[in-house]
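Residue strings, one per chain:
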Amino acid sequence: MKHLKYISFFLLIGLISCDKHVIEYDTETISDVAEFQLHYFVPVTSGSANNIYKVEINDQLYANDQSTLSTYNAIPNGSVGRFYTTTTGTNNIKLYKGTGLELVYNQNCTLTEGKQNIFVYDLDEPPLVFDNGFPYEANTTEYSDTTAWIKFYNFLYESVDQPTNLRLQYQYQYPIEYDEKGVVIRKSEWTNLGTPVSFGETTGWLPVIVHKSVNISSGYARLDYKIKVIDANGNDTGDLQVMNSSNKFVNYSDWWTTYVGRRYHHTISGMRAAKPTSAVRVFTAL
């Protein structure tokens, strides 16, 4: 009886203690606020001379030399899934290039409530704004899924001041079978990622298959990519030809390690037939 009495006493203390120490989280609901990530895809040579060392939105400082906006990249940087906030409606963007902080961009765009991606692709043109597609759909399985999501953008130039007029069909190929050492021994057929996109367009979020070599794991796989050129009648006219570093034209191809459940922006940019040469740059959304 003595032990039961002590147990009852401690249980009573525990209940009283819980009542007196309620944990609360101070949060603020965001509404009528525009959230954005800013992408810098002007076809210029990579390097500090062309990096953006100061970003102002509506004359308010958003980024400086401590959070540089590099060529073919985006801010906020340093962490996946971060967004800046600003007011909805018309917003002014100023970009200052190089360590001398030369004002090279001063354009307006319209932002709406929620998350969006702003692409600066020409220093003399307003940016293009894309809905981020949030909230994201997700797959729930007993162990681990086999899906990631990719959004492909066409910001390819032919040469200086000449955006491409090619409609591009992004394609991918994924592993189907591995040997006992985890080496790929069979791959899928080439699969279209959405439909063809012209300059300044995106496919939107589309699922890709990530067949892991280790089944019960967070999971990743190498996915291979290529691009087809589609004419106005919808005909496949062959692989996209791009100039390489040796000034020779080759079929575009690349591969990226892709993790289950993640989301990636894939953006083809740079110049197809001149320098700086083109590439698909990847920015992780989630």
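Residues numbered from 1 in each chain as written. Predicted model: local features only at pLDDT ≥ 70, side-chain atom pairs only at ≥ 80, totals over all residues. Heavy atoms only, no water.

Caption draft 1: Focus on the pattern of salt bridges. Going through the model one piece at a time under the given rule, you end up with nine salt bridges. A salt bridge links Lys 54 to Glu 56; its shortest N-O distance comes to 3.4 Å. On the basis of relative accessible area, Lys 54 is assigned to the partly exposed category, the value being 23%. Each of the salt bridges in this network shares a partner with another, and the network as a whole consists of Lys 187, Arg 222 and Asp 224. (Salt bridge = Lys/Arg side-chain N within 4 Å of Asp/Glu carboxyl O. Buried < 20%, exposed > 50% of the residue type's maximum accessible area, 1.4 Å probe, protein only.)

Caption draft 2: Summary view of the packing of aromatic side chains. On inspection of all chains with the given rule, the structure shows 20 aromatic pairs. Judged by centre distance (5.2 Å) and plane angle (85 degrees), the rings of Phe 134 and Tyr 136 are edge-to-face. Ring geometry for Tyr 170 versus Tyr 225: centroids 5.1 Å apart, planes at 10 degrees, classification stacked. Taken as a pair, Tyr 170 in strand β12 (residues 167-173) and Tyr 225 in strand β17 (residues 220-230) lie far apart in primary sequence, 55 residues in all. Note on accessibility: Tyr 170 and Tyr 225 belong to one class, buried. Taken together, the ring pairs connect Phe 41, Tyr 72, Phe 119, Tyr 121, Phe 130, Tyr 153, Phe 155, Tyr 157 and Phe 199 into an aromatic cluster. (Phe/Tyr/Trp six-rings, centres within 6.5 Å; stacked < 30°, edge-to-face > 60°. Helix = DSSP H or I, 4+ residues; strand = E, 2+ residues; numbered from the N terminus.)

Caption draft 3: Spatial organisation of unusual backbone geometry. Residues Phe 134 and Pro 135 are joined by a peptide bond in cis, for which omega reads 5 degrees. Cis geometry is adopted by the peptide bond preceding Pro 276, which originates at Lys 275 and carries an omega value of 5 degrees. If you trace the backbone, Pro 276 turns up in the loop between β22 (263-271) and β23 (279-284). Here Asn 58, not a glycine, exhibits a phi torsion of approximately 55 degrees, which is positive. In this structure, Asn 58 sits in the loop between β2 (52-57) and β3 (60-63).

Caption draft 4: Focus on the nonpolar core. Phe 152, Leu 168, Tyr 170, Ile 227, Leu 240 and Ile 268 are the most contacted members of the largest nonpolar core, which has 24 residues in total. Secondary-structure elements contributing two or more residues to this core are β10 (147-159), β12 and β17. If one sorts the elements of this core by residue count, β17 sits on top with five residues. If near-sequence neighbours (up to four positions away) are discounted, Leu 168 is found in contact with Phe 152, Asn 154, Leu 156, Thr 195, Pro 196, Val 197, Ile 227, Lys 228, Val 229, Leu 240 and Ile 268. Val 42, Val 55, Ile 93 and Leu 95 belong to the second-largest nonpolar core, a separate cluster that totals 21 residues. (Core = buried A, V, L, I, M, F, W, Y, C linked by side-chain atoms within 4.5 Å. Contact = heavy atoms within 4.5 Å.)

Caption draft 5: Layout of the sheet that holds strand β6 (residues 89-97). Across the sheet, which stays open at both edges, the four strands sit in the order β3-β2-β6-β7 with antiparallel pairing between neighbours. Edge strands, defined here as strands with exactly one partner in the open sheet, are β3 and β7 (102-111). Along the sheet, successive strands turn relative to each other by an average axial angle of 25 degrees, direction set aside. Sheet topology note: the β2/β6 ladder contains five bridges and is antiparallel. Along β6, the bridge assignment pairs Ile 57 with Ile 93. (Pairing = 2+ DSSP bridges. Axes fitted to C-alpha atoms, helices over the stretch in contact; angles between N-to-C directions.)

Caption draft 6: Focus on the environment of Ala 221. Turning to its location among the elements, Ala 221 is positioned in strand β17. A residue is classified by how much of its surface remains accessible, and Ala 221, at 3% relative accessible area, is buried. Here the alpha-carbon distance between Ala 221 and Val 260, two residues 39 residues apart in the chain, equals 8.4 Å. When sequence neighbours within four positions are dropped, the list of residues in contact with Ala 221 reads Pro 175, Tyr 178, Val 210, His 211, Trp 256, Thr 257 and Thr 258.

Caption draft 7: Region of the structure containing the confidence of the model for the protein chain. Of the residues in the protein chain, 86% have a pLDDT of 70 or more, and the chain-wide mean is 90. Segment residues 1-13 is flagged for pLDDT under 50; beyond a separation of four residues in sequence, or across chains, it makes zero contacts in the model. (pLDDT = per-residue confidence, 0-100.)

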